[in-house]
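# Examining the three-dimensional arrangement
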Amino acid sequence: MSTNGQYDVIIIGSGAGGGTLARALAPTGKRILILERGGWLPQELENWDAEEVFVANRYVPTETWYDKDNKAFQPGVHYWVGGATKLYGAALYRLRKEDFGELKHYDGISPAWPIAYEDLEPFYTRAEQLYQVHGARGEDPTDPPASAPYPFPAVSHEPRIQKLHDDLARAGYHPFHSPNGVMLNEAQPEFSACIRCKDCDGFPCLLRAKSDAEMIGVRPALEHPNVSILTKAHVIKLNTDPSGRCVTEVIVEHDGEQSAYSADIVVVSCGAANSAKLLLQSANDRHPHGLANSSDQVGRNYMFHASVAILAVSKEPNPTKFQKTLGVNDFYFGMPAFEFPMGNIQMVGKSQAPMYKGEKPMQTKLAPMFSLKDIATHAVDFWLSTEDLPVADNRVTVERDGNIKLSYTPTNAVPKQKLYDKLKSMVNHLDLHEHLVDRSMYMKNDIEIGGVAHQAGTCRFGTDPQTSVLDTNCKAHELDNLYVVDTSFFPSIGAVNPALTAMANALRVGEHLRQRL
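All of the points below concern the structure found in this document. Just so it is clear, the model here is predicted, and its values are computed rather than measured.

What counts and how
- Sequence order sets the numbering: in each chain, residues are counted from 1 along the sequence as written.
- Per-residue local features are limited, in this predicted model, to residues with pLDDT of at least 70; the limit for side-chain atom pairs, both in listing and counting, is 80 or more; totals at the level of whole chains, interfaces and linings are taken over all residues.
- Where side-chain values are given, they derive from all heavy atoms of the structure, hydrogens and water being excluded.
- A run of H or I in DSSP becomes a helix once it reaches four residues, and a run of E becomes a strand once it reaches two; helices and strands are each numbered from the N terminus.
- In this treatment the radius of gyration is a C-alpha quantity, and the globule benchmark scales as 2.2 Å times the residue count to the 0.38 power.
- Burial status follows relative accessibility: with a 1.4 Å probe on protein chains alone, a residue under 20% of its type maximum counts as buried, one over 50% as exposed, and anything between as partly exposed.
- Any two residues whose heavy atoms approach within 4.5 Å are treated as being in contact.
- The protein chains shown are the only cover counted for residues, whose accessible areas, like all others here, come from Shrake-Rupley with a 1.4 Å probe.
- A helix's residues, less one, multiplied by 1.5 Å, set its expected span.
- Directions pointing from the helix axis toward each C-beta atom define the arc.
- Any carboxyl oxygen of Asp or Glu within 4 Å of a side-chain nitrogen of Lys or Arg constitutes a salt bridge here.

So, about the overall build of the protein chain. A count of helices and strands for the protein chain gives eleven helices and 23 strands. Over its C-alpha trace the protein chain gives a radius of gyration of 22 Å, about what one expects of a compact globule, namely 24 Å for 517 residues. In terms of overall dimensions, the protein chain has a C-alpha envelope of 70 × 50 × 45 Å along the principal axes. Here the protein chain holds 517 residues, and 61% of them are scored as buried. Excluding contacts between residues fewer than 6 apart, the proportion of contacts in the protein chain whose partners are at least 24 apart in sequence is 73%. Total accessible area on the protein chain is roughly 19300 Å²; 51% of this is exposed by carbon and sulfur atoms.

So, on to helix H4 (residues 159-170). Compared with an ideal rise of 1.5 Å per residue, which puts twelve residues at 16 Å, H4 spans 16 Å between its outermost C-alpha atoms and is within 8% of the ideal. Along H4, the positions that sit buried rather than exposed are Arg160, Ile161, Leu164, His165, Asp167 and Leu168. One face of H4 carries all of its buried residues, which in axial projection span an arc of 165°. Relative to its buried face, H4 has exposed residues pointing more than 90 degrees away, namely Pro159 and Arg170. One or two positions beyond H4, positive phi appears at glycine 172, with a value near 95°.

Before going further, it helps to spend a moment on unusual backbone geometry. If you check the backbone angles, alanine 90 has positive phi at about 60° while not being a glycine. Mapped onto the elements, alanine 90 comes out in the loop between strand S4 (72-73) and strand S5 (103-105). A relative accessible area of 0% means that alanine 90 is categorised as buried.

Under the counting rule described, the total for this entry stands at 24 salt bridges. Across the salt bridge formed by aspartate 143 and arginine 96, the nearest N and O atoms sit 3.3 Å from each other. Of this pair, aspartate 143 sits in the loop between strand S7 (133-134) and H4 while arginine 96 sits in the loop between S4 and S5; the two residues are 47 residues apart in sequence, bridging distant segments of the chain. Note on aspartate 143: relative accessible area 24%, which makes it partly exposed. For arginine 96, a relative accessible area of 1% corresponds to the buried category. Residue aspartate 201 pairs with lysine 324 through a salt bridge whose shortest N-O separation is 3.2 Å. Remark: lysine 324 occurs in the loop between strand S15 (306-314) and strand S16 (326-328) and aspartate 201 occurs in the loop between strand S9 (180-181) and helix H5 (213-222); sequence separation between them is 123 residues.

Written out as structure tokens, the structure reads:
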């Protein structure tokens, strides 16, 4: 096994956490190495081919995970420079202020964070500016206070979604323009990278006009001569010194060979499931149950939103291309007849006929493509997210064959159903047929846990080493130079997309590391 040079910082993973952190640290002049298990996502016509993306699973690895019953499934993970953000919908929401405190839910308690919203707020503002978020403050009554306006005006609604917005407002609700991270200039389209196409949410961007962690984080970081990246570099283990207090080697599989890298600071940013897997696989004499795991919390409290993607069939055609411009949070914390939080309603990318083939292959096998096209033409597509609660037994473990086992039982099924029923009752006022069809937006699998897009937990941060893995700076309690900077640190997940919180936290930890370096 070859040994490679000494770095100041090694960042393992280049998604919302790792990619953002690399950019934050790049100006320090310190030697930074990014290790990414995937390659550069190719810029190719297939980026915008729904058949390739949703049916052929072109950008999803052939990887096997197991559920709690040891049934194998293919997870909808994405290993690329930029991580999962390469195919995300770029909806960049802040958690609500209340999400940082303890909240009583139908199925239990959503715990308080060890930091307040106010601690993260300046970094939310910086992340919005960095990721070029388009939005409008003040439209959403649940919006937390902000120290600056959005850096760009909200993405306008196309006519059918504007009508939906007007119908919702007329019915007494508070629809708002959703915060979108796209490189769009509507005032001067001739200078705009983004063209508001239909192939954004769930697709890679052929024009590289989506504010993802590759374009905003990694590429600008690599313009600094002190930053380098090694792609197709799968980190399989972290070794420590004899005391167990310091990570001394990062063991990497690259081109069929193993090599070791070392750094003063090691940052794990592989996504909630894979970060936990790496720490568990790195067990040694000093850390017999996995690195940083004397609390037995590594891998536990796995959360991913109780989400359902829904299409409502409109009475009129819906020619919208860029549909993800509207959200409704009126029921985020409940409603008069139901006192518990219910969650977020937002639009999802406009559905296309081939997506149904990929999502529900058995149900659609016999459907002629023209009938699916007809549904797609009239579909108005919603994404409903209900908060999933942290449960100790919802956890990541590693099987003997080295694959991840995800033991998971959903929480908050009742509020999820309430949110669905509420949307259904609202549909009467919205010129939509009353029939709502479930869509499994991000997954080809019928298995619920296969769509791992909004995963969090597994290495929660806190002040007590007995009940958390990381301290408030996201440093492992038990190691002096190991940090975890992705959605693993979340003690709770809220009900909005987690990407912006991961980005903001990466900037917050970056500030701490700059002082430390």
